[in-house]
Amino acid sequence: MLGTYRQIFAAPGSAAFSAAGFVARVPIAMVGIGIVTMLSELRGDYALAGALAAVFALTYAFITPVVSRAVDRYGQSRVLPVASGISATSIAAMLLCVRFGTPDWVLFVWAVPAGCMPTIGAMVRARWTELYRGTPLLRTAFAFEAVVDELCFIAGPVVSVGLSVTVFPEAGPLAGLVLLVVGTLALVAQRGTEPPVHAATHDGRPSVVRTPAVWILVAVMVSMGTIFGVIDVGAIAFTRSHDAPASATVVLALFAAGSAVAGIVFGAIRVSASLRKQLMVAVLAVAVLTVPLLLAGSIPALAVAYAVAGMTVAPIMIVTTGLVEQIVPAAALTEGITWIVTGLGVGVAVGSALAGRMIDEFGTTAGYAVAAVAALLASMVTPWLFVKQSASTERPSSTR
């Protein structure tokens, strides 16, 4: 298994751009939670903190496809420094406004351009695709990046919250800002592995999100994001109701660890079934594995349920990314991958809001019921991939 992953780093520059991508993508897991921690530490205002974090998350979800479309047309080295610069400047301005006590509406003004933060994971996956398109190693590379994503969302919140609590309240988002700038500059400096620009192919081309199959994948990702939102809120509510709120971090870490382990194994094996069939099976597995969340009666039982449910996450992300590479034109790959991330972001916001409301009204089991319904909807949507195949855009893929 280790030998399989060692092969993907045989290409010159691959380890360097992957490492730079890790540094540059950690901030997306740090800034939102950092905003909540910062404002709760300074003002004790969770309503404002949650609203501001939600605005940042939603603007990120809707702005980043525009950034990625520009990357496909003009190149990473031209677009990423500008987008990251706008995001970093806006975050810095927000932190200064918090420190000097400006009116709350000013914070929301700055939260919007802060959403220009690029989807670095899509940029790194585009580089892997240029290296290994048409080879089995592309699947392994996508699997590796899925594990890196999990590591970001394990380490990022811990570092951000720890800095804001122990150093000074703005330290978490500030660290995210610094990592964004440093990581982006390190990534764009590596011109040898940058995907080529296909500017001419974008003239008059509509967004890839208009492709029916992409819409279906986005809908599946919205459902998955809804589950993630429920997972976060549910862990906090469940452990607090059992008088052990600190154990929420352990429960959530087990969910991410389960995903990371499954991603490592899944990426190292070869599956003969088509990507569409793989996705349908994986989504059905999610629907089945959300049921134990409804039945858990203790924190240890919940921890086991989280670890098992997490094992479906990375395989779904690996297969979905492979489907995007198969469906969209090569010149629009970055935009296509970014729409998947957008679907996840929207789903997380929806899941967090719905779960919070259901938990307040009916208890934690009702919150987890939101995840079960989302999984059921995803399993109902996925079969449409077999109907909405686009013969004009679909290409053979090595990740089958």
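Residues numbered from 1 in each chain as written. Predicted model: local features only at pLDDT ≥ 70, side-chain atom pairs only at ≥ 80, totals over all residues. Heavy atoms only, no water.

J.: Explanation requested: the domain arrangement of the protein in the structure shown.
T.: Interfaces are often sized by the amount of accessible area the parts lose when they come together. Annotation of the protein at the domain level lists domain 1 (13-194) and domain 2 (209-386). In this structure, domain 1 and domain 2 have C-alpha centres spaced 21 Å apart. Across the boundary between the two partners, domain 1 contributes 27 residues, which contact 31 residues of domain 2. Roughly 2,500 Å² is buried in total at the junction of domain 1 and domain 2, and carbon and sulfur atoms are behind 68% of that figure. Of all residues in domain 1, the largest losses of buried area upon contact with domain 2 belong to D72, R139 and E150, amounting jointly to 26% of the total for that side. At the surface where domain 1 touches domain 2, the tally comes to one salt bridge. Where E335 meets R69, a salt bridge forms, and the shortest distance between an N and an O atom there is 3.1 Å. Taken together, the elements giving at least two residues each to the side of domain 1 that touches domain 2 come down to α4 (46-74), α7 (120-132) and α8 (137-166). No other element matches the 10 residues that α4 contributes to the side of domain 1 that touches domain 2. Class assignment of the residues belonging to the side of domain 1 that touches domain 2 gives a composition of 16 nonpolar, five polar and six charged. (Domains from an automatic or database assignment. Contact = heavy atoms within 4.5 Å. Buried area = accessible area lost by both parts, 1.4 Å probe. Salt bridge = Lys/Arg side-chain N within 4 Å of Asp/Glu carboxyl O. Helix = DSSP H or I, 4+ residues; strand = E, 2+ residues; numbered from the N terminus. Nonpolar A, V, L, I, M, F, W, Y, C, P; charged D, E, K, R; others polar.)

J.: Please clarify how the pattern of salt bridges should be interpreted in this entry.
T.: Side chains bearing opposite charge may pair, as long as their charged atoms lie close to each other. What the rule picks out here adds up to seven salt bridges. Across the pair E170 and R99 runs a salt bridge whose closest N-O atoms are separated by 2.7 Å. In this pair, E170 sits in the loop between α8 and α9 (171-188) while R99 sits in helix α5 (residues 76-100), placing the two residues 71 residues apart along the sequence. Residue E170 is classed as buried on the basis of its relative accessible area, which comes to 5%. Relative accessible area serves as the criterion here: at 46%, R99 is assigned to the partly exposed category. Between E194 and R191 there is a salt bridge, and its shortest N-O distance comes to 3.0 Å. By relative accessible area, R191 is classed as exposed at 55%. (Buried < 20%, exposed > 50% of the residue type's maximum accessible area, 1.4 Å probe, protein only.)

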